[in-house]
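Coordinate inspection notes
The chain contents come next:
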Amino acid sequence: MKPPLLIDPFNRNLTYLRVSITDRCNLRCMYCMPSRETIPRLAHTQVLRYEEILRIVRIGVQLGITKIRITGGEPLVRKGVYEFLSELGKIEGLTDISLTTNGVLLKDHLAQIRDAGIKRLNISLDTLNREKFIRITGQDAFTQVWEGIEAAHHMGFAPIKFNTVAMKGINDDELTDIARLSFTYPFHMRFIEYMPIGDHHLDRSIRLLAPEILARMSPLGDLTPIRRSRDDGPAERYRFQGARGEIGIIQPLSNHFCHLCNRLRLTASGQLRPCLLSDRQEDLKGPIRKGCLDGDIVKVFLEAVRFKPMEHRVDDVRQDEVRDAMSSIGG
Ligand code: SAM
Ligand code: SF4
């Protein structure tokens, strides 16, 4: 008998699994880990082993998952990650495997990433200024990140998408310069509204919503909207006339994209999470470590799908909905 597909109560077909392989990170971005020094860490035994992740992915593929993104924490800090990526690349039925990284360790590992079959990279880039990079991330690593970006571009990774969390008084004076990179390179520069996630968040005064983000770019000319394709993520896409790349706006607060969401998330601790912005999740690690059958894993998938909310409820007013940290869920 053919296994069921992952279709939720609102008729969304979930084909995209984002997998956080670690909650650890070599940076401490102010929007992701605002408490910097007091980040609770999972013990090694609490983190899913690679073979456990691969088993879950294989079963997910039988249920219709075709697209995987590896994220974290910083995925490239986990030991054995390149061998894991290569095993992932061998799973038949996956048509798209991509990686989200802060870029710090990218430069020296690009060949291994490419050889594992990954063509698409998302890189976090919140500033082009070394001093500000230290302020935002807590580490002096801008040069390493930029060298990694240049190297990835020259090696032919495409498209390279960038994530910039837009923050008033922090990097809003640079949004135009970051957007300008879409003229020089075929990069997709995506600007994200800050989401108040985790036990600690930044002051709401740093919040910059999509219309204000777009206004910061107006000196560069008019933005022409790009028609959405079926596999587009949450970004509203635009292009400046004459640009090689694109601009994207990701607006979880000012314009929910929930009705288009086709994602499930597997957290570093082995929880299957139907919505980034809701703490409801189903445990996979427990049953797996007790020796469950593949059919039991299917049941957990179906249960998570059954509880995918129609839309999230994190907005300007309600900030307490999501207690888990972004670094453990995987952004
Ligand atoms: N360490 C990798 C990186 O930074 O690209 C992958 C994990 S990180 C959690 C994934 C994405 O989540 C990053 O692009 C980051 O900008 C975004 N992110 C983290 N905290 C966020 C927040 N509070 N609001 C909006 N985006 C956030
Ligand atoms: Fe680390 Fe990424 Fe979070 Fe920054 S956003 S602290 S790089 S996990």
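So, here is what we can say about the structure in this document. (Residues numbered from 1 in each chain as written. Chains lettered and ligands numbered in written order. Predicted model: local features only at pLDDT ≥ 70, side-chain atom pairs only at ≥ 80, totals over all residues. Heavy atoms only, no water.)

**Description of the site of ligand 1**
Near ligand 1 lie 18 residues; those nearest to it are Tyr31, Gly73, Ser124, Asn163 and Met195. Here an oxygen atom of ligand 1 and a side-chain polar atom of Ser124 are 2.7 Å apart. Residue assignment for the shell around ligand 1 shows that the elements contributing at least two residues are strand E3 (96–101), strand E5 (160–166) and strand E6 (188–193). The class makeup of the residues in the shell around ligand 1 is 7 nonpolar, 9 polar and 2 charged. (Near = heavy atom within 4 Å. Polar contact = N/O pair within 3.5 Å; in protein donor to acceptor, adjacent residues only side chain to side chain. Helix = DSSP H or I, 4+ residues; strand = E, 2+ residues; numbered from the N terminus. Nonpolar A, V, L, I, M, F, W, Y, C, P; charged D, E, K, R; others polar.)

**Quick word on the sheet that holds strand E7 (residues 223–225)**
Pairing in this open sheet of 12 strands is mixed, and the strands run E7-E8-E9-E6-E5-E4-E3-E2-E1-E10-E11-E12 from one edge to the other. Sheet topology places E7 and strand E12 (282–283) at the edges, where each strand pairs with a single neighbour. Here 5 bridges tie strand E1 (residues 16–20) to strand E2 (residues 67–71), and the two strands are oriented parallel to one another. If you follow Arg18 over to E2, its bridge partner there is Arg69. Across the sheet, helix H2 (residues 81–89) touches E2 and E3, and the angle it forms with E2 is around 175 degrees. Sheet strands in contact with helix H5 (residues 142–155) are strand E4 (120–124) and E5, and its direction is about 150 degrees off that of E5. (Pairing = 2+ DSSP bridges. Contact = heavy atoms within 4.5 Å. Axes fitted to C-alpha atoms, helices over the stretch in contact; angles between N-to-C directions.)

**What about the site of ligand 2?**
Neighbouring ligand 2 are Cys25, Leu27, Cys29, Tyr31, Cys32, Met33, Gly73 and Asn102. Classifying every residue of the shell around ligand 2 gives 6 nonpolar, 2 polar and no charged.

**Side note on the nonpolar core**
Formed by 90 residues in total, the largest nonpolar core has its most connected members in Leu88, Leu121 and Phe191. With residues up to four places along the chain from it excluded, the contact list for Leu121 reads Leu99, Leu106, Leu110, Ile113, Ala152, Phe157, Pro159, Ile160 and Lys161. Met195, Leu277, Met326 and Ile329 belong to the second largest nonpolar core, which has 7 residues in total. (Core = buried A, V, L, I, M, F, W, Y, C linked by side-chain atoms within 4.5 Å. Buried < 20%, exposed > 50% of the residue type's maximum accessible area, 1.4 Å probe, protein only.)

**Quick notes on the packing of helix H1 (residues 50–62) against H2**
Contact geometry of H1 with H2 gives a least axis separation of 11 Å together with a crossing angle of 20 degrees. For the element pair H1 / H2, the angle class is roughly parallel. When the axes of H1 and H2 are compared, the crossing they make is right-handed. Together, Tyr50, Ile53, Leu54 and Val57 of H1 and Val81, Phe84, Glu87 and Leu88 of H2 make up the contact between the two elements. Class assignment for the residues of the contact of H1 with H2 results in 7 nonpolar, no polar and 1 charged. (Parallel < 35°, antiparallel > 145°, perpendicular 65-115°, else oblique. Left-handed = near helix turned anticlockwise from the far one by under 90°.)

**Regarding the environment of Thr101**
Along the chain, the position of Thr101 falls in strand E3. Here Thr101 falls in the buried class, since its relative accessible area comes to 2%. Separated by 181 residues in sequence, Thr101 and Glu282 have C-alpha atoms that sit 26 Å apart. Those residues in contact with Thr101 that sit more than four places away from it in its chain are Glu74, Leu76, Leu106, Asn122, Ile123 and Ser124. Engagement of the side chain of Thr101 in a polar contact is seen with the side chain of Glu74, the distance being 2.8 Å.

**Describing H5**
Structurally, the α-helix is built with 3.6 residues per turn, so residues lying three or four positions apart point the same way. Taking 1.5 Å as the rise per residue, H5 with 14 residues should run 20 Å; its terminal C-alpha atoms sit 20 Å apart, in good agreement. Looking only at H5, the buried set comprises Phe142, Val145, Trp146, Gly148, Ile149, Ala152 and His153. With its buried residues spanning 155 degrees around the axis, H5 presents them on a single face. Elements that come into contact with the buried residues of H5 comprise helix H3 (110–115), E4, helix H4 (130–137), E5 and helix H6 (175–184). (Expected span 1.5 Å × (residues − 1). Arc of directions from axis to C-beta.)

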